[in-house]
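One-letter residues, chain by chain:
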Amino acid sequence: MESTLSPKTPKDSLVVMTELVLPNDTNTFGNLMGGRLMYWMDIAAALASMKHCGSPVVTASVDNISFENPIRLGNVVHIEAKVSRAFHTSMEVHISVWSEDTLQHFRYRSNEAYYTFVAIDPNGKPKPVPPLEPETEEEKRLYEGALRRRQLRLILGGKMKPEDADELKALFLSSSRNESFPDN
Ligand SMILES: CCCCCCCCCCCCCCCC(=O)SCCNC(=O)CCNC(=O)[C@H](O)C(C)(C)COP(=O)(O)OP(=O)(O)OC[C@H]1O[C@@H](n2cnc3c(N)ncnc32)[C@H](O)[C@@H]1OP(=O)(O)O
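By convention here, each chain's residues receive numbers from 1 onward along its written sequence. Predicted model: local features are reported for residues with pLDDT of at least 70 only, side-chain atom pairs are reported and counted for 80 or more only, and whole-chain, interface and lining totals are derived from all residues. As a convention, hydrogens and water are excluded, and side-chain values are obtained from all of the structure's heavy atoms.

### Quick notes on the UniProt feature "domain: HotDog ACOT-type" (unreviewed entry) in the protein
UniProt positions are given in the numbering used here, feature names are shortened, and annotations may be inferred rather than shown by experiment. Per the UniProt record, "domain: HotDog ACOT-type" (unreviewed entry) is found at residues 11-123. The secondary structure listing takes helices from DSSP runs of H or I that are at least 4 residues long and strands from runs of E that are at least 2 residues long, numbered from the N terminus. Helix makes up 18% of residues 11-123 and strand 43%. Its end C-alpha atoms lie 29 Å apart.

### Comments concerning helix α3 (residues 166-176)
By the burial criterion, the buried members of α3 are Leu168, Leu171 and Ser174. Projected down its long axis, α3 shows its buried positions confined to an angular sector of 125 degrees, all on one face. Exposed side of α3, more than 90 degrees from the buried face: Phe172 and Ser176 are the residues found there. Whether two residues are in contact is decided by their heavy atoms, any of which lying within 4.5 Å being enough. Among the structural elements, α2 (137-156) are those in contact with the buried residues of α3. Three labels apply to residues, based on accessible area from a 1.4 Å probe with only protein chains included: buried if under 20% of the type maximum, exposed if over 50%, partly exposed otherwise in between. Arc, as used here, means the arc of the directions from the helix axis to the C-beta atoms.

### Describing the environment of Met17
Along the chain, Met17 turns up in strand β1 (residues 15-20). The exposure class assigned to Met17 is buried, which follows from its relative accessible area of 13%. Expressed as a C-alpha distance, the spacing of Met17 and Glu138, which sit 121 residues apart in the sequence, is 21 Å.

### Topic: the side chain of Thr116
If you trace the backbone, Thr116 turns up in strand β5 (residues 106-119). Think of a polar contact as two N or O atoms within 3.5 Å of one another; within protein, one of them needs to be a possible hydrogen donor and the other a possible acceptor, and neighboring residues in sequence only count if both atoms come from side chains. Polar side-chain contacts of Thr116 include one of 3.3 Å to the side chain of Arg153. Sequence-distant contacts of Thr116, defined by excluding residues within four places in its chain, comprise Val58, Thr59, Ala60, Ser61, Ser90, Met91 and Arg153.

### Examining the nonpolar core
Formed by 31 residues in total, the largest nonpolar core has its most connected members in Leu37, Met41, Val77, Ile79, Met91 and Ile95. Of all the elements in the fold, those that place two or more residues in this core are β1, α1 (34-53), β3 (76-86), β4 (90-101) and β5. The greatest single-element share of this core, amounting to eight residues, is contributed by α1. What is meant by a nonpolar core is a set of buried Ala, Val, Leu, Ile, Met, Phe, Trp, Tyr and Cys residues, joined one to another through side-chain atoms within 4.5 Å.

### So, the pairing of β3
Regular strands show a simple pattern: their side chains alternate between the two faces of the sheet. Of all the 11 residues making up β3, nine are buried; the element is thus mostly covered by neighbouring parts of the structure. Judged from the six bridges that link them, β1 and β3 form a sheet pairing that is antiparallel. By the bridge assignment for β3, Val15 is matched with Ala81. One requirement defines pairing of two strands: DSSP has to find at least two bridges between them. For β3 and β4, the ladder comprises 10 bridges, and the chain directions are antiparallel. Directly across from Val76, in β4, lies its bridge partner Glu100.

### Considering the side chain of Thr26
Along the chain, the position of Thr26 falls in the loop between β1 and α1. Of the polar contacts made by the side chain of Thr26, one reaches the backbone oxygen of Pro23; its length is 2.8 Å. Those residues within four positions of Thr26 in sequence are excluded, and the remaining contacts are Val21, Asn31, Leu32, Met33 and Leu73.

### Some remarks on the packing of α2 against α3
Working note: a packed helix pair is described by the angle between its axes plus the distance between those axes. For helices, the fitted axis covers only the stretch in contact; all axes are lines through C-alpha atoms, and the angles between them, taken along N-to-C directions, range from 0 to 180 degrees. One way to put it is that α2 packs onto α3 with a least axis distance of 8 Å and a crossing angle of 105 degrees. The pairing of α2 with α3 is recorded here as roughly perpendicular in orientation. Between α2 and α3, the contacting residues are Leu147, Arg148, Gln151, Leu152 and Ile155 on the first element and Asp166, Glu167, Leu168 and Leu171 on the second. When residues are sorted by character, Ala, Val, Leu, Ile, Met, Phe, Trp, Tyr, Cys and Pro go into the nonpolar class, Asp, Glu, Lys and Arg into the charged class, and all the rest, Gly among them, into the polar class. A breakdown of the residues in the contact of α2 with α3 according to their chemical character gives five nonpolar, one polar and three charged. Between 65 and 115 degrees an angle is taken as roughly perpendicular, under 35 as roughly parallel, over 145 as roughly antiparallel, and anywhere else as oblique.

### Some details on the environment of Leu171
As for its placement among the helices and strands, Leu171 is situated in helix α3. Looking at Leu171, the relative accessible area reads 12%, which means it is buried. Linking Leu171 and Asn31, residues 140 residues apart in sequence, is a C-alpha distance of 38 Å.

If you want it as C-alpha cells, here you go:
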C-alpha cells in the first residue's frame, strides 16, 4: 500500500551521540561493557527513528552486534544513527560506532549494527511511518540491503516463513550461480 505521508531523507533522522567511558561503565579489564554500549546505541537509534516518524517508538529487534575493538576507560564514544529504510510501521536504523583516544589523537572503529523500531500510536498500537528517500550512494546501498535484512530478522523472529522471503531466496540463488554477493 502506497504511503500518503511525506517522505523523509536519512539526513533528517541523523543523531550523533557522544559519551565518555567512565569507571562505572567498564569491566575488570578497564574496557567498556558491551551491554552499556548497546544501551547507548538503543537510545541513539530510538531518537533517530522518532525524528523520522515524529511519534514514540519501541525497539522491535536488534541484529547481531560484533565488538571489533575494545573501548578503553577514558576514551570517547561517538554513536551515529540514522534511518536506513522505513517499511509500513517499522523502521530500520543503521548505527555506526567510533571511539577516540583524545589524548593520543587516535580514532578507531568499534561497532556497526541495525536496530528495528516500531512507531506507536496513543493506544500503544503500531502506526504508519513516512517513507524514506535515500540520497547518497551509501544511503542507497543500505536501503537496498534493508529488505533482505528485514526478511532474515522476521524469519528468525518467527514472523515470516522462509518460503515467503523472495529477496533472500534470490540472493542465495545468485550465490549458488557464483554471482557476486552484496555487502549487506
Ligand atoms: C510519556 C511518553 C513520552 C514519549 C516521548 C519519550 C521520548 C524519550 C525517548 C526514549 C527513547 C528510548 C526508547 C527505547 C525503546 C525501548 O527500549 S522499548 C522497550 C523494548 N521493546 C518493547 O517492549 C517492544 C515489545 N514488542 C511490541 O510491543 C510488539 O511486539 C511490536 C514490536 C510493537 C510489534 O507488534 P505486533 O503486534 O507484532 O505488530 P505487527 O502488526 O505484527 O508488526 C508491526 C511491525 O513490527 C514489525 N516487527 C514485528 N516483530 C518484529 C521483529 N522481531 N523484528 C523486526 N520487526 C518486527 C513488523 O514487521 C511490522 O512492521 P511493518 O511491516 O508494519 O513495517
